[in-house]
Amino acid sequence: MTEQRLDGHLNEEYILQVEDLWVSYQAERGTVKAVCGVSFNLRAGETLAFIGESGCGKTTLGLTFIRLLPATARVERGRIWYSRGTEAVDVLAMHEQELRHFRWRECAMIFQGAQNAFNPVLRIWDQVLDTARAHGETDKKKIRQRMEELFQLVQLEPRRVLRAYPHQLSGGMRQRVLIALGLLLNPSLVILDEPTTALDILTQRSVIDVLRGLKERLQFSLILISHDLSLAAELADRVATMYAGKIVELASVWDIYYRPHHPYTVGLIRAVPTLSGDRGRLISIPGSPPDLINPPTGCPFHPRCPYTTERCQEEEPPLQAVSPTHHVACWHWEKVIAEGGERMLTKAEA
Amino acid sequence: MSTVTLAREGLTRLSPGAWLRRLARNYVLRRFLVALAKIYVVVTLTFFIVRLMPTNPIEAYINELIDQYGFTYQEARDQAAALFGLDLDTPLWQQYLQYMGQLIRGDLGTSYRSKGTPVSAMIAKFLPWTLFSVGVSLLISFTLGILLGMVMAYRRESLLDHVLSALASILTAIPNYLVGMMILVFLGVQWKVFPITQMRGAMSPGMKPGFTWEFIKDIFYHATLPIMTYVLTTVGSWMLAMKSSTISTLGEDYVMVAKARGLPERRIVTAYVGRNASLPLFTQLAISIGFVVGGSALIEFIFVYQGIGQLLLNSINYRDYPVMQGVFLVITVAVILANFLADFVYSWLDPRIRIQ
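What you see is a predicted model, and the numbers here were worked out from it, not measured in a lab. (Residues numbered from 1 in each chain as written. Chains lettered and ligands numbered in written order. Predicted model: local features only at pLDDT ≥ 70, side-chain atom pairs only at ≥ 80, totals over all residues. Heavy atoms only, no water.)

Student: Looking at this model, I keep getting lost on the overall build of chain A. Mind explaining?
Tutor: A tally of regular secondary structure across chain A gives 13 helices and twelve strands. In summary, chain A has a C-alpha radius of gyration of 21 Å against a globular reference of 20 Å for 350 residues, a match within 12%. Principal-axis analysis of the C-alpha atoms places the extent of chain A at approximately 65 × 50 × 40 Å. Per-residue burial over chain A gives 56% buried out of 350 residues. Sequence separation of 24 or more characterises 67% of the internal contacts of chain A that already satisfy a separation of 6 or more. (Helix = DSSP H or I, 4+ residues; strand = E, 2+ residues; numbered from the N terminus. Rg over C-alpha atoms; globule rule 2.2 N^0.38 Å. Buried < 20%, exposed > 50% of the residue type's maximum accessible area, 1.4 Å probe, protein only. Contact = heavy atoms within 4.5 Å.)

Written as structure tokens, this is what we have:
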């Protein structure tokens, strides 16, 4: 049975509370520590974006929430509390049947690269029906009506799309079909993993607009996983920067973009060109992503960081609150703020 | 699959001229013409190759007459010509034209050996038994192979998988006539599991063909050993093909998404994994129909089963040209028809491939 806890620190206003989550993969070379002690809370209706380079553990994190990790992965520790009204259940303790109902009905994950998300030999309508039936919905008329509404919201022509086979739809259309299908059962939590990668710039634009529209009309909490900072900026309420399987900064979207405290966040933001072009030169973060089998001692970012001191190499900075809404894991965040992250720029040029 | 093109989205209305052009490009028509051409080439090759075989029946007969009865060459030659109903002075190319002319009219000629019996009648008598035994075997083998292949893929790296994989490789490697002989020797003669003398032939003597339970039971009884042999020697390759196909399908995004959608495992296994993984096997299935018909000769000989393979073997022994040609024609048509069918079945099963 799933444990249920209503007491103590579990708070009802949160739809998801993640406590000290550790996930690792067994590889030939050793254990890959993909997620290392991630904790955060997600408020009902809130959008939280996870950003970071590829290989920082974002996607692993997303897959852990719906327990779809590959066989080589293991959740070492942690709790994922999902709250259903007045009670909270630990997703990691769910058994098979309970999990099947949790998936999509309560938590829908929309994957990156929806190109191959659909069974090529079944029409979209059959796959919609499959999904609905799996969760006990059998009224075809009702399903059809709901799906037509959703397709209208994602700007698809319902009749044509329902009749089509996946290969008859373009990449952007398939992505929108998957988003609509994700909302079919009115989930309270949606996980979007790189929803716009693999799409051209115009299609990306329309998918972003669709997502914003949906967020305004429908009530659901959203976890957005992306390396695309502009996407995060447009959709998120809060942003978490991930590095080497850890959250290194967690703050409101405004703070992250205008007052980044962590040198890595500074680097990420400066690595993306802005439309107005007045935020200064583009940089790339020197060095390469950390080895997750033998992560660096102390702060995992220290080998690439221009603010490194001896302390960074020895002691790992905890994720601490520097204001009620801003958390950062850096010994030198004050210096970073004071300089506006200037050293990231100079190091990149050196 | 080169002539199969990917479906186009949204067909637009066509003008009459475009319709004509489409007719010229008509897939079915084109495939049909290609099939006819293939049959023509094979028939021609067969005609000449058969006649290149050492010793022909007429020469053998002529020599026999000269040696045993002291005929002169000319006498013997006339006698042979009369017996076989042939004008021996006709050059080969004329014989060829004659043969093709008959073929177009649907006449396969008459047997040299059983004089006067039309080849088409002989084929009609023997072919159904081969189609029956081979057809049933393929069905059993294919279904079994798909099921076991999926089990192996789902349980990969388990003991069951290792045992089945090894078994499948071994079975695939042994030629079917060897398996047939082992069944005959061990199960039939040594341990007497099967009463092989009773099981000879395609059915028991005096059995009345018809849709009766008795008859159906009887023909299955007589086909048991050939079917066993075919299944044993073909199931391995289906298992291995299905295993590798299933493993790669299991890694597809849509299987992962289906799990995320909370679909029941049963539905994922059948409609999402099974259906997609078995697609490439259907092409192989159609192709193997032709080869199994051709490869049935030795098995039917071993078990004394009156099928087309038996007929072919006999006709080769007696250098019965018309029968040989007839049987080769049947095998050719079977292979070509099977390929033709494979494309249609494939496009019906896989909507990504559409016929234009």
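Student: Just to check I follow, could you spell out the interface of chain B and chain A for this structure?
Tutor: How big an interface is tends to be expressed through the accessible area that disappears when the partners come together. Of the residues lining the interface, 23 residues belong to chain B; the matching set on chain A comes to 26 residues. Summed over both sides, the interface between chain B and chain A buries roughly 2,200 Å², with carbon and sulfur atoms accounting for 61% of that surface. Across the chain B-chain A interface, the total number found is one salt bridge. In this structure, Asp130(A) engages Arg267(B) in a salt bridge whose closest nitrogen and oxygen atoms are separated by 2.8 Å. Viewed at the interface, chain A and chain B are joined by ten residue pairs in polar contact (both at pLDDT 80 or more). (Buried area = accessible area lost by both parts, 1.4 Å probe. Salt bridge = Lys/Arg side-chain N within 4 Å of Asp/Glu carboxyl O. Polar contact = N/O pair within 3.5 Å; in protein donor to acceptor, adjacent residues only side chain to side chain.)

Student: Would you mind going over the sheet that holds strand S4 (residues 73–84) of chain A with me for this structure?
Tutor: Within a sheet, adjacent strands bond to each other through the backbone by hydrogen bonds, running parallel or antiparallel. All names here are of chain A. Read across the open sheet, the four strands follow the order S2-S1-S4-S5; overall the sheet is antiparallel. Each edge of the open sheet is held by one strand with a lone partner, namely strand S2 (31–43) and strand S5 (87–90). Each adjacent strand pair in this sheet contributes to an overall mean axis angle of 10 degrees, direction not counted. Here strand S1 (residues 14–26) runs beside S2; their pairing, made up of ten bridges, is antiparallel. Within the sheet, the bridge partner assigned to Leu-21 lies in S2 and is Val-38. Lying on the sheet, helix H1 (residues 58–65) is in contact with S1, S2 and S4; it crosses S1 at an angle near 115 degrees. (Pairing = 2+ DSSP bridges. Axes fitted to C-alpha atoms, helices over the stretch in contact; angles between N-to-C directions.)

Student: Help me understand a nonpolar patch on the surface, please; the structure alone is not making it clear to me.
Tutor: Residues and elements named next belong to chain B. The grouping of Met-182, Val-185, Phe-186, Trp-191 and Val-193 at the surface amounts to a nonpolar patch, some 480 Å² of accessible area in total. When you line up the elements, Trp-191 lands in the loop between helix H8 (176–190) and helix H9 (196–199). On the basis of relative accessible area, Trp-191 is assigned to the exposed category, the value being 57%. (Patch = residues over 30% accessible without salt bridge, like charges linked within 9 Å, V, L, I, M, F, W, Y side chains within 5 Å. Areas by Shrake-Rupley, 256 points an atom, 1.4 Å probe, with all protein chains shown as cover.)

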